[in-house]
Amino acid sequence: MTFALMIAGAVLGGWLSWIVFDESVGALGTAFGIVCGLLFARLIKLGKRVGELEAQLRTVVSAPAAERPAPTVTVAAPMSPAASPEPAMPTSGARPAQTISAPAVAAATVTDPGKTTLDLREPAAAAEVPHSATPPSAPQPRAPAPPRADPPALAWIKRWLSEGNPLVKVGVGVVFFGAAYLFKYAADAGWLTVPVEFRFLGVAAAALAALAFAWRKRESHRTFALSLQGGAIGVLILTVFAAYRLYALLPPALAFALLVVIVAGGGLLAVLQDALALAVLAILGGFLAPILIATDKGNHVALFSYYAVLNAAIFFIAWIKPWRALNLLGFVFTFGVGTAWGVLKYRPELFASTEPFLLLFSAFYLLIPLLNARRQAQEASGAGSTPAPAWISGSLVFGTPLVAFALQAGLLENARMPLAFSALAAAAIYAALAVLELKRWRLQLLGESHALLALGFATLAVPLALSAQATACTFALEGAALVWLGLRQARRIPRWIGYALQGLAGAIFGERFATAAETTPILNGTFLGAALLMLGGLVSARLLQRRDARAPLTLLFLVWGGFWWYLAGGNEIERFVAHARHWDAWLAFLAGSALIAVEASRRMVWRELLAPAAVTIVLGLPFVGLTMLDAHGPLESWHLAAWAPWLIAAWRTLPAVADENPRAARILHFVYLWICVLLLALELGHLGHDHLRLRGIWFALALLAPLAAAYLLVLRRSLLVRWPLAAEADASRTPLLASLATVMGIAWLAGLMQEGEPAPLPYLPVLNPLELAQIAWLVLLALWYRQAQGEGRVFFDAELRARVLAVAGLVLLTTITLRCVHFAGSVAWDAGMASSPLAQSALSIVWTLAGIAAMLVGKQRGSRAVWFGGAALMALVLVKLMLVDRNHLNDLSAILGVLVVGVLLVAVGYFAPVPPKTYAAGEKA
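To start, this report covers the structure provided alongside it. What you see is a predicted model, and the numbers here were worked out from it, not measured in a lab.

Concerning the overall build of the protein
In step 1: Looking only at helices and strands, the protein has 30 helices and 5 strands in total.
In step 2: Relative to its full complement of 925 residues, the protein shows a buried share of 38%.
In step 3: Long-range contacts, defined as pairs at least 24 residues apart, comprise 69% of the intrachain contacts of the protein with a sequence gap of at least 6.
In step 4: A total accessible area of about 51,200 Å² is found for the protein, and carbon and sulfur atoms account for 70% of it.

Encoded structure:
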């Protein structure tokens, strides 16, 4: 084997280098090829050796414990008393010797004065080993760490140099390098100048020699021989190609003849040796041969005649050997090259010389699966089992008619009637084969396949005589029928044909969908055709759902049917509904579809139909704004007619979803309530703004009133906001309250910056719409927390809640004070208010009063926290007096403010001193 690999490496390396480059590089390529062959042979031997060692190791591990060879451990033996330099220990005071159980040690054999060998076989009973009772005083030295293993590459190099005869190995390597340099020197000196014709002859001779050598080794070294034969055949094919194309040493006819001979010889060798890989290589070379030697003046008749010979060889081999890969290779190259030629070279006047070859190739690959099926049936009959094939070549059975008919359409340039007759002829051929296979030869699977193809070609003739819409409808309904038939008979092929027919129907219908001109809404071919496509898809989905509701195809056909339904409805809306009513029509159509889907889901127990209904609820969010684009309220005129079916669909969908998926139902209920709140808010805002002419704070309160009402209803667990889920709605109660409070909180913060003009009413401190609404929001927050605390659901502790409410109250009190200054003192509501002496004095007095009130409450309740909160506010006032108010002491209001603050501070020191600190029992004051 080593010699063979060296020869193969030398031939390949030398041939490639000499042909592509020059003589010097060719010499180096030859030497390099020899070295590579030697190294590859060495690797093969090492691989075999490793395999043998692994097999031996598995044998040892799998053997019983009693039959395993006993491992031995060599340890240092203690020094004998005679040789010890220390005096012997007295025995009078020594304790009697103790014994230890050593179940793992069966025997100890002294093989050397300084070493003891321990046999580690497991004994039948524990052995008693005497030892001295006194433990050694000195600690035992730690065993040395094992040496670190070398990397695999370095270990392999060490083994290669140390095992066997390293001198010979090194010498052989030196010889190879010397030979390589010798070749290079000879090439540089011109000693190896050989005409290119002789180079090709030499390479071909070497390939033939390798082929002959591999033939001799075909029985003793089968794998090696087949690989070498394949390589030699490949070298011969490339040699002929290079001689013809690169150097023009061969005429085209001779090159083609040589390639035919090489390919035929390779195929013969493959059949004689039962070698599929060799046959594939030979056929591949045969198909590539005309491509390699092709010119622009090629004759398509000669090309297809040659391919006919190759396909005849494949057909002959298929008669003997069931080599599916070879058949597929011929199919792919035959029709692939034929398609490429048709695209680049075909002209209508070449039909008469091209059509016979298409029919011949189609016949080859129509009959090859039949040969394989009959062989399997005969083999099964000979074995005494049922005469039915285990498999058929689906790629050929179904690929051949599809590709051949597509090429036939290209040859006929899509002429409808000739194509219709071609389809009918194909249907007749497949029907005849199906009858023979089912009735006479008992080839059930192949017969059913051909029967389905006959049905398909008969169906395909329909669109060639009818319109696209009628064809699509026919295909869709026929596809659904085939799906039903395949499921009823538990056969896969009819189902897949049905799937394909529905896909084809969609493609045909979709091509003409946008160009159809219809004048009547709904009762037109476009809508009805799409509805039939929808019906076919939904029928198929229902049939599949009965077998497996969660199968991907079930969901796929459900989406397919829904796609055509929504496409048909949307097309009618865009064509026949006025532009101003588009979004209303879309919402009504989606709501009506959702209502149909949820009712069908309830009656047919088809949970997947709830998906479009659930999506329709969510789609209500964007439609809240889209239905207001015509400057009307969302619950007026046509908008109400659109939202009414949406509400009905939501009321029917939510309980149905709750039965299947409570978590999804809670999410949908949350979205549904928010949509209802937004609809009411926008409707009230529209009424107030456009009809009642409300402006400013009144318009904002009209928008926020539905949110506050919904918040209060949710807080009180009103049936109005829990319906139609009842108890299931409680799960979404907390998120709903939080979201409503967040939106109102943002509005509350925005209100702090507003002037709050209550016109036409006069401004009254606190008793005005803006400040009442802001106080109401804080009260609602406190009620929510109090209710949650009573139910045992505390979001944060009481101290933090008190601090948050105190800060919010102080901020609100500040804005109320500033509004009083604005309306009563005629101070402008802008950034200049910060420099107003009146505003600063009012804030100092109000903050002081608030601080005093907090300190009094703290004293009365004995709460140091409340008292210190008021004290902190008083400290803030003092800081404000020093930093801000002192700049305005030339103004009477500022002076009065400082005096009032001072008096109040004195009073609070008398009436509300700091509450005493309380101590726990036993704690020292």
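Now, onward.
Re the packing of helix α20 (residues 610-626) against helix α21 (residues 638-660)
In step 1: It is at 9 Å that the axes of α20 and α21 come closest, and there the two elements cross at 135 degrees. Judged by the angle between their axes, α20 and α21 are oblique. As for how α20 packs across α21, the hand of that crossing is left-handed. Between α20 and α21, the residues in contact are L610, A613, A614, T616, I617, G620, F623 and V624 and W643, W646, A650, T653, L654, A656, V657 and E660, respectively.
In step 2: When its residues are assigned to classes, the contact of α20 with α21 shows 12 nonpolar, 3 polar and 1 charged.

Re a nonpolar patch on the surface
In step 1: On the surface, a cluster of nonpolar side chains totalling about 410 Å² of accessible area is made up of I648, W651, L719 and W723.
In step 2: A relative accessible area of 41% means that I648 is categorised as partly exposed.

Overview of the nonpolar core
In step 1: F287, Y307, F361, Y365 and I368 are the most contacted members of the largest nonpolar core, which totals 63 residues.
In step 2: Listed by contribution, the elements that provide at least two residues to this core are α5 (196-216), α6 (222-246), α7 (252-273), α8 (276-292), α9 (300-320), α10 (324-345), α11 (351-382) and α12 (394-411).
In step 3: In terms of residues, this core owes the most to one element, α6, which gives 12 residues.
In step 4: Dropping the residues within four chain positions of it, Y307 is found in contact with F287, P290, I291, F333, T334, V337 and F361.
In step 5: Y672, A681, W777 and A808 belong to the second-largest nonpolar core, a separate cluster that totals 53 residues.

Re the packing of helix α19 (residues 582-604) against α21
In step 1: Orientation of α19 relative to α21, taken along the N-to-C sense of each, is 25 degrees, at an axis distance of 8 Å. Relative to α21, α19 is oriented roughly parallel. For the pair α19 and α21, the crossing hand works out as left-handed. In contact with D584, L587, A588, A591, A594, L595, V598, E599 and R602 of α19, α21 contributes W638, H639, A642, W643, P645, W646, I648, A649, R652, T653, P655 and A656.
In step 2: Split by residue class, the contact of α19 with α21 holds 15 nonpolar, 2 polar and 4 charged.

Observations concerning the environment of T223
In step 1: Among the structural elements, T223 can be located in helix α6.
In step 2: Exposure remark for T223: the relative accessible area of 62% places this residue in the exposed category.
In step 3: For T223 and A275, which are 52 residues apart along the polypeptide, the C-alpha to C-alpha distance reads 9.8 Å.

A few points about the packing of aromatic side chains
Two descriptors summarise a pair of aromatic rings, namely the distance from one centre to the other and the angle between the planes of the rings.
In step 1: Here the structure, examined in full by the defined rule, presents 30 aromatic pairs.
In step 2: Look at F287 and F333: their rings are 5.4 Å apart centre to centre, the planes differ by 20 degrees, and that puts the pair in the stacked class. Note that F287 is positioned in helix α8 and F333 in helix α10, a separation of 46 residues in sequence. Each member of the pair F287 and F333 is classed as buried.
In step 3: Measuring from ring centre to ring centre gives 5.2 Å for W643 and W646, while their planes differ by 80 degrees; the resulting arrangement is edge-to-face. Within this pair, W643 and its partner W646 are both found in helix α21, separated by 3 residues, close to a single helical turn. You'll find W643 and W646 in the same group, each marked buried.
In step 4: In this structure an aromatic cluster arises from ring pairing among F304, W341, Y346, F357 and F361.
In step 5: The ring of W215 carries the charged tip of R218 above its face, separated from the ring centre by 3.9 Å.

Some thoughts on the environment of H669
In step 1: If you trace the backbone, H669 turns up in helix α22 (residues 662-691).
In step 2: Note: C-alpha distance between H669 and A658 (11 residues apart in sequence) is 9.7 Å.
In step 3: The contact partners of H669, leaving out residues within four places of it in the chain, are L654, V721, R722, W723, L725, A729 and S732.

Things to note about α5
In step 1: Between the first and last C-alpha of α5 there are 30 Å, a value that for 21 residues agrees with the 30 Å anticipated at 1.5 Å per step.
In step 2: Looking at α5, one finds that the buried residues are V196, R199, F200, V203, A204, A207, A210, L211 and A214. Mapping the buried residues of α5 onto a view down its axis gives an arc of 130 degrees, with all of them on the same face. Within α5, the exposed residues directed more than 90 degrees away from the buried face are F198, L201 and R216.

Remarks on the pattern of salt bridges
In step 1: In this structure the tally under the stated criterion is 7 salt bridges.
In step 2: Of the charged contacts in the structure, one is a salt bridge between R607 and E660, with a shortest N-O distance of 3.2 Å. With R607 in the loop between α19 and α20 and E660 in helix α21, this residue pair connects regions lying 53 residues apart in the sequence.
In step 3: Residue class for R607 comes out partly exposed when judged on its relative accessible area of 34%.
In step 4: The network of salt bridges with common partners includes E599, R603 and R652.

What counts as what
- Residues numbered from 1 in each chain as written.
- Predicted model: local features only at pLDDT ≥ 70, side-chain atom pairs only at ≥ 80, totals over all residues.
- Heavy atoms only, no water.
- Helix = DSSP H or I, 4+ residues; strand = E, 2+ residues; numbered from the N terminus.
- Buried < 20%, exposed > 50% of the residue type's maximum accessible area, 1.4 Å probe, protein only.
- Contact = heavy atoms within 4.5 Å.
- Areas by Shrake-Rupley, 256 points an atom, 1.4 Å probe, with all protein chains shown as cover.
- Axes fitted to C-alpha atoms, helices over the stretch in contact; angles between N-to-C directions.
- Parallel < 35°, antiparallel > 145°, perpendicular 65-115°, else oblique.
- Left-handed = near helix turned anticlockwise from the far one by under 90°.
- Nonpolar A, V, L, I, M, F, W, Y, C, P; charged D, E, K, R; others polar.
- Patch = residues over 30% accessible without salt bridge, like charges linked within 9 Å, V, L, I, M, F, W, Y side chains within 5 Å.
- Salt bridge = Lys/Arg side-chain N within 4 Å of Asp/Glu carboxyl O.
- Core = buried A, V, L, I, M, F, W, Y, C linked by side-chain atoms within 4.5 Å.
- Phe/Tyr/Trp six-rings, centres within 6.5 Å; stacked < 30°, edge-to-face > 60°.
- Lys NZ or Arg CZ within 6 Å of the ring centre and 35° of its normal.
- Expected span 1.5 Å × (residues − 1).
- Arc of directions from axis to C-beta.

So far we have only geometry, and geometry alone does not tell us how the molecule works.
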